[in-house]
Every structure is written in structure tokens, then in C-alpha cells.
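Residue-level listing of the chains:
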Amino acid sequence: MENQTGQTPKKNSNVIYFLIVVVLALLATDVYLYLQKNKSDTKVVYQNDEKTRLQTELDSLEAQIEQVNVGKTKLSATMQAKNDSLKAKIRVLRVELAKGKLTVAELAKAQEDVKQLRYFVTNYTAQIEELKKQNTSLTAERDTLKTVVKAVSQKDSVLSKQNQDLGTKVKVASAIKLATSDVVAYKVKGSGKEVEVSRANPAKKIKINFTVASNSVAEKAMHDVYVRIIDPTGNLITSNDSGTFNADGQDLQFTYKTAIDFKDDGSGYTIDWQNPAPFQKGNYTVLLYADGYTMGKTGFMLK
């Protein structure tokens, strides 16, 4: 009886110890679960904050790309492809960050992608800014070149005008001019002898006698001479072989054409011209031209 009484308290003590251990284990489990829950909540909050930060950075990078593309900078095919690639990458990252929850690995990958994207965007914008500077420099050089070309063109026009004027002056100066002149009418006898007359009825031909003024600039060579004879009624006398020439800036018809050998030695010249029609009474005007200008003017009268 004494042995049974002594074993009962011992069994009760064991039970108490066991219950204490179970309670402590349960408390430890609750504490562990509580801490894990707090840790998980902290991680979710951290992940959400990081997603927001990454999305904000994507907004900033996209705005940076748009800002650098403002203006009329023409992109090369390579730069345009890079621009399109960066924008496409931003769209992909936005889709990934828009997911409900991201795993640690997904978040880490998104962080790395945004980091690389930031590098590429910074590099791209730097290239665009450099391109803009080059374009500005080229535009300035182009404008300067245009100004220089315009100035040179204007100067060339002035010089061309001066040369043209000088050429005209030289041409005028080199044209031969009459020094002295007179016109005599003749009749021709049956023997062929020429007799000077003053009346229209017997007159058949005229002789234009002239000398040329000294001119050291004029070419010492043969010079074409064009004769225009105006009758008393004001009409130009022409024949079937009369042609045209240019003098004093206008096209004119001539009565007769010949040539003289100019030597600048004071020589006298004579032009014989036979009228294809009967002479009329009155005053005749005789004009001579050479080298594109008027040589001089003379005339005669028949009774």
C-alpha cells in the first residue's frame, strides 16, 4: 500500500511536465508563425514599393527619350532603330511590373532590366544631343557658306558687269570711224568714161570718198563696211542682193556691202555704187557702218 501511494505523485509530475513542454512548443510555434507573417508582410510592402519606384523610373526614362527627340533632328536608320528598341523595352517592363505579385527572382530581374535600360537611355540621349550639336554646327557652317557664296556671286555679277562694260568700251573704242567724207555723182559715157554730174537725170553711180580716223586700238586688218543710202523720199535703196547686219544693237538692212584694209596710216578709201534704179531729184543720206557701230554720216544732192 505504501508503494502505490508513492508512485501517484510521480506520475502526476510527469504529466505536468509534458503539458508544460507542449504549451511551450505551441507558444514557440505561434511566435515563429507571427514573425514569419510580419516578415512576409514586410516583403510584400517592400516589393510593392519597389514596383512603384521602378514604374516611376520607367516614366522618367520614357519622358527623357521623348524630350531628346523634340525638334527636327533627323535620325539615322541605326539611331531610329535604337529609339524604337528602347521604347519597346519600356513597354515590356511595364507589362511585367503590372502583374499582381512578383517573385523575388522576377523583381530582381526587373531591377536589373531597368538598370540596363537606364544605361542605354543615357547613352542614347547623349548621342542625340551630340547629333543636335553637330547639326547646329553644320547649319551654322551652311548659313555661313551661303552668305559667302552669295557675296562671291554678287561680286562675280559686279565683275561680270564691269567686264561687260569694259568689253563694250573696248569694242566701241576699237571700232573705226570716219575722219573725212564726200559723195560725188557720175554719169558714164558710151566709152566708159565717168563724168561728174550734179543733176539726177544723167547720174548713174556715186563714189563715196572717205578717210578713217587714226585709232591705235582698232585692229589693223580687213574691216567689213556696210552702206545705207536713203533716197529723198526717206526710203532705203536696196537691191536683190541686199542683206541685213547688226549695228548699234539693232538689225539693219544694208544697201551695199564691201571691205577696206585698215592700216591706221591715213589712207583714203573709195566706194563705188551704181544705182539699180534712176536717181531722183533731192537730198540723199549716206550712212557707213563697221565693227558693229556707225562709222559716220554724209550725203549728196541732185538737181
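Being a predicted model, the structure only gives us computed values, none of them experimental.

### Structural notes on the sheet that holds strand β3 (residues 205-212)
Phase 1 of the analysis: Pairing is antiparallel across the open sheet formed by four strands, whose spatial order is β2-β1-β3-β8. Because the sheet does not close on itself, it has two edges, and the strands there are β2 (194-197) and β8 (268-274). Sheet twist, expressed as the average angle between the axes of neighbouring strands with direction ignored, equals 35°.
Phase 2 of the analysis: Two strands pair when backbone bridges link them, and strand β1 (residues 178-188) and β2 are joined in this way by four bridges, in the antiparallel orientation. Bridging across to β2, Val 188 finds its partner in Glu 194.

### Focus: unusual backbone geometry
Phase 1 of the analysis: For Asp 248, which is not glycine, the phi torsion reads 55° and is therefore positive.
Phase 2 of the analysis: Notably, Asp 291 is not glycine yet its phi reads approximately 60°, a positive angle.

### Observations concerning the side chain of His 223
Phase 1 of the analysis: Topologically, His 223 is positioned in strand β4 (residues 222-230).
Phase 2 of the analysis: The exposure class assigned to His 223 is buried, which follows from its relative accessible area of 5%.
Phase 3 of the analysis: A distance of 2.6 Å separates a polar side-chain atom of His 223 from the backbone oxygen of Glu 219.
Phase 4 of the analysis: Engagement of the side chain of His 223 in a polar contact is seen with the side chain of Asp 291, the distance being 2.9 Å.
Phase 5 of the analysis: Contacts of His 223, omitting those with residues within four sequence positions, involve Ile 176, Thr 258, Ala 259, Ile 260, Phe 262 and Asp 291.

### Some thoughts on the side chain of Asp 231
Phase 1 of the analysis: Along the chain, the position of Asp 231 falls in the loop between β4 and β5 (244-247).
Phase 2 of the analysis: One polar contact links Asp 231 to Thr 233, side chain to side chain, over a distance of 2.6 Å.
Phase 3 of the analysis: Apart from the residues lying within four places of it in its own chain, the contact partners of Asp 231 are Ile 237, Gln 280, Asn 283 and Tyr 284.

### Considerations on the sheet that holds β4
Phase 1 of the analysis: If you walk across this open sheet you meet the four strands as β7-β4-β9-β10, and the pairing is antiparallel. Edge positions in the sheet fall to β7 (256-261) and β10 (293-302), since each has one partner strand and no second. In this sheet, adjacent strand axes meet at a mean angle of 25° when their direction is disregarded.
Phase 2 of the analysis: Relative to β10, strand β9 (residues 282-290) runs antiparallel, the two being bridged by nine bridges. Paired with Leu 288 across the two strands is Gly 296, which belongs to β10.

The rules behind each value
Residues numbered from 1 in each chain as written. Predicted model: local features only at pLDDT ≥ 70, side-chain atom pairs only at ≥ 80, totals over all residues. Heavy atoms only, no water. Pairing = 2+ DSSP bridges. Helix = DSSP H or I, 4+ residues; strand = E, 2+ residues; numbered from the N terminus. Axes fitted to C-alpha atoms, helices over the stretch in contact; angles between N-to-C directions. Buried < 20%, exposed > 50% of the residue type's maximum accessible area, 1.4 Å probe, protein only. Polar contact = N/O pair within 3.5 Å; in protein donor to acceptor, adjacent residues only side chain to side chain. Contact = heavy atoms within 4.5 Å.

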